[in-house]
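Observations on the three-dimensional arrangement
One-letter residues, chain by chain:
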Amino acid sequence: MSEGTACRSGFVAVVGRPNVGKSTLVNALVGGKAAIVSDKPQTTRNSIRAVLNSPRGQIVFVDTPGLHRPLHRLGRFLERQAAASLEAADVVCFMVEAGDSRVGKADGIILDLLEKVSVPVVLVVNKVDAHDHDHGPDGWECFTRRRGFAHVLTVSALEGRNLGLLVETLFDLLPPGPPIFDDDRLVDCTERFLAAEVIREKVLEQTEQEVPHSVAVVVEEFRSPDEYPERRNLLVRATLFVERPGQKAILIGKGGAKLKGIGELARKELEEVFGYDVYLDLWVKVKPGWRNSERELRRMGYT
């Protein structure tokens, strides 16, 4: 096999401000559930590694938390997660929106971080489906004026536009090497973690802006028929932690209706993800100030 056709593999960090479409892009590229998707910003809290296998090799996408000015210990954790992902990457995808006409504060933070990166950086302009550029210059020129990029690609993660071209471009930039993970792996995380992310996604979908970012999901018990052959279904018992009693009331809803709805949506998706009937038991507890508590952040898995 010639050098040009050698198997290539490596880590691709996907960075961008909150709600720019990073998780949607990663899920579309790997063809499965790799990260939670929401119309609310700052939904990704851990750097999630999702695996794309191809005849050309393997790409491990690292979906990072959206960067913004940290307001609490959780925010500082998210910032460290994104910075660590950049340091370990072979290629970086910097995502912006087609409608951008200026470099905002969050984008400026990322561009400053990228100044320290020595690997190729690809500018990925997302959401071209939502913007018409037939009548004026490309708005994303504000980014190309700030720094040079290895490539600039316009895509629609939602519609799948130009995703094949993006994958081929990334493979061209990755170093030759064998696959990093087994070829049957989609996501590099535990089943408990994936279950917690599915539940948190449904919380984000079903609650108002005052609740989502004060919610943490901890899976207290996870019993799968794979580990317990006597079981016919998957047992998931999880606790939703919030910071204030009023948030707990919102999550539970009148007569428990809100929590029941969240549970029904989460159960259906968990059954699709894991392939078993699911018994889902959800509880809501108040833990004041957990986002500013180093001890609680560690207990909830933000380490």
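Turning our eyes to something else, we now look at the overall build of the protein chain. Secondary structure assignment for the protein chain yields nine helices and nine strands. Scored against the burial criterion, the 303 residues of the protein chain give a buried share of 50%. At a minimum sequence separation of 6, the contacts of the protein chain that also span at least 24 residues come to 72%.

In this section: the packing of helix 1 (residues 22–30) against helix 5 (residues 163–173). In the contact formed by helix 1 and helix 5, the axes pass within 11 Å of each other and the chain directions differ by 85°. By the angle class used here, helix 1 and helix 5 are roughly perpendicular. On helix 5, the residues touching L25, A28 and L29 of helix 1 are L163, L166 and V167. Across the contact of helix 1 with helix 5, the residue classes tally to six nonpolar, no polar and no charged.

To continue, consider the packing of helix 7 (residues 245–252) against helix 8 (residues 257–274). Closest axis-to-axis distance for the helix 7/helix 8 pair is 4 Å, and the angle between their directions is 60°. Residues I250, L251 and I252 of helix 7 pack against A257, K258, L259 and I262 of helix 8. Per-class residue counts for the contact of helix 7 with helix 8 are six nonpolar, no polar and one charged.

Quick notes on the rules
Residues numbered from 1 in each chain as written. Predicted model: local features only at pLDDT ≥ 70, side-chain atom pairs only at ≥ 80, totals over all residues. Heavy atoms only, no water. Helix = DSSP H or I, 4+ residues; strand = E, 2+ residues; numbered from the N terminus. Buried < 20%, exposed > 50% of the residue type's maximum accessible area, 1.4 Å probe, protein only. Contact = heavy atoms within 4.5 Å. Axes fitted to C-alpha atoms, helices over the stretch in contact; angles between N-to-C directions. Parallel < 35°, antiparallel > 145°, perpendicular 65-115°, else oblique. Nonpolar A, V, L, I, M, F, W, Y, C, P; charged D, E, K, R; others polar.

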